[in-house]
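The chain contents come next:
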Amino acid sequence: MSGPARGLAPRAPCPRAVRGPRRTGRAVTLALTAALLTSCAGGPALEDRGAVTAAPGDRHHLTVGSAGFTESELLAQMYAALLRHAGYRADLVTVGNRELYEPALESGQVDVVPEYAATFADWLQAKAHGAGARPVASPDLGATMTALRALAAPRGLAVLAPGRAVDRNAFAVSASYAARHHLRTLGDLGRAKLPVRLAAGDECVRRPFCAPGLRKAYGIDITAVDPKGVGTTPAKQAVQNGQDQMVLTTTTDATLDQFGLVVLADDRTLQNADHVVPVVNRSRAGGARAAAALGRLNTVLTTADLARLNERVDSWRRLPEDVAHGYLREKGLLPR
């Protein structure tokens, strides 16, 4: 693996997260400082490389990390509930972003996190080989998972089986616009040769899976990117009122109906395989028992389900823990 050379001198072990008592009412929030995580960001030291190849661990007390946005919180709540049902003691912590929680996962401060296969594969590729590294993710889930596991293993991480739920870019237009121009897919929009002003984040101008990809893969005439953000209310309103013709959102956005919007199918698979996948610290939570507990979610959770769960939190103002536990009981994964 390329990247910064690691020193050979022994280093002090990274402190473990302070764990409170098992909570069932609300998640435990852990303040993981940037300074602490920087000191632990390299994964197993060279003198500890045996931890990477040793038999997977199965600790009784595990910490499940969340990135702090609704969907991540819901997934983390479901992971923790399934682990508790399987006999583990599981705490939840909120760590703000991947730059913080991935080093914490390597060091063992966090044991389990929900991730997205394609996004995490390319993130680890860039971390290992630099920001200009060739992307390894693709629309092919099998190839993406192979690349992801190869990048994760040297860092002491195990990537469990992906689920059916996928959270990736989606492009929506108003239902009236779709009906008027007979549009069901992005391919239909390209063939219609309509000028399209796209409401999205400003990075869409250069991202290969946004404006450049829409032009290249579909021949869509993107005349401008209106920088209103990804799936924000102003972005959706701009399409609703005709200021823009299309909005960048995600496949788990359950609010489109409120704005009279419909998603155009990605019929040429421009978007990568961003399936929901649990990633664990191998030495602490890499055993078959934890994998089986977390894998139970894969049998039921779909993209549509995840969108509905997001809606219950974001629109109905219900607590993520209540929504997560209700869903697991509804699906027979927890006792009623």
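Residues numbered from 1 in each chain as written. Predicted model: local features only at pLDDT ≥ 70, side-chain atom pairs only at ≥ 80, totals over all residues. Heavy atoms only, no water.

## Details of the sheet that holds strand S9 (residues 261-264)
Think of a sheet as strands paired side by side through backbone hydrogen bonds, with each pair either parallel or antiparallel. Note the cut-off: When DSSP locates at least two bridges between a pair of strands, those strands are taken to pair. In DSSP terms, a helix is any run of H or I states spanning at least four residues, a strand is any run of E spanning at least two, and both are numbered starting from the N terminus. A fitted line through C-alpha atoms represents every axis, and for helices the fit uses only the stretch in contact; the resulting angles, taken between N-to-C directions, go from 0 to 180 degrees.
Strand order in this open sheet of five strands is S7-S6-S8-S5-S9, and the pairing throughout is mixed. The open sheet is flanked by strand S7 (221-227) and S9, the only strands paired with a single partner. When strand polarity is set aside, the average angle formed by the axes of neighbouring strands in this sheet is 40 degrees. As paired elements, strand S5 (residues 169-174) and S9 share four bridges and run antiparallel to each other.

## Let's talk about the pairing of strand S2 (residues 89-94)
The cut-off we apply is this: By convention a crossover is right-handed if, when the strands point away from the viewer, the path from the first strand over the helix to the second runs clockwise.
Here six bridges tie strand S1 (residues 61-66) to S2, and the two strands are oriented parallel to one another. For histidine 61, the partnering residue across the bridge sits in S2 and is arginine 89. On the question of chirality, the crossover connecting S1 to the parallel S2 by way of helix H3 (residues 70-85) is right-handed.

## Details of the packing of aromatic side chains
As a reminder, the rule being used: Pairing of aromatic rings covers Phe, Tyr and the six-membered ring of Trp, with a centre-to-centre limit of 6.5 Å; geometry is then stacked below 30 degrees between planes, edge-to-face above 60, and tilted otherwise. A 1.4 Å probe rolled over the protein chains alone gives each residue an accessible area, and that area as a share of the maximum for its type sets the label: buried under 20%, exposed over 50%, partly exposed in between. Consider the ring centre and the ring normal. A charge sits over the ring if Lys NZ or Arg CZ is within 6 Å of that centre and within 35 degrees of that normal.
Under the criterion given, the structure shown has one aromatic pair. Residues phenylalanine 120 and tryptophan 123 carry aromatic rings whose centres are separated by 6.3 Å and whose planes lie at 15 degrees to one another, so their mutual orientation is stacked. In this pair, phenylalanine 120 and tryptophan 123 both sit in helix H5 (residues 117-129), three residues apart, roughly one turn of the helix. Grouping residues by exposure puts phenylalanine 120 and tryptophan 123 together as buried. A cation sits over an aromatic face here: arginine 289 above tyrosine 88, 4.0 Å from the ring centre.

## Concerning the pattern of salt bridges
As a reminder of what qualifies: Salt bridge criterion: a side-chain nitrogen from Lys or Arg within 4 Å of a carboxyl oxygen from Asp or Glu.
Considering all chains together, one arrives at twelve salt bridges under this definition. Between lysine 228 and aspartate 226 there is a salt bridge, and its shortest N-O distance comes to 2.8 Å. A relative accessible area of 25% means that lysine 228 is categorised as partly exposed. Overlapping salt bridges, with partners in common, bring together Glu102, Glu106, Lys127 and Arg155 in one network.

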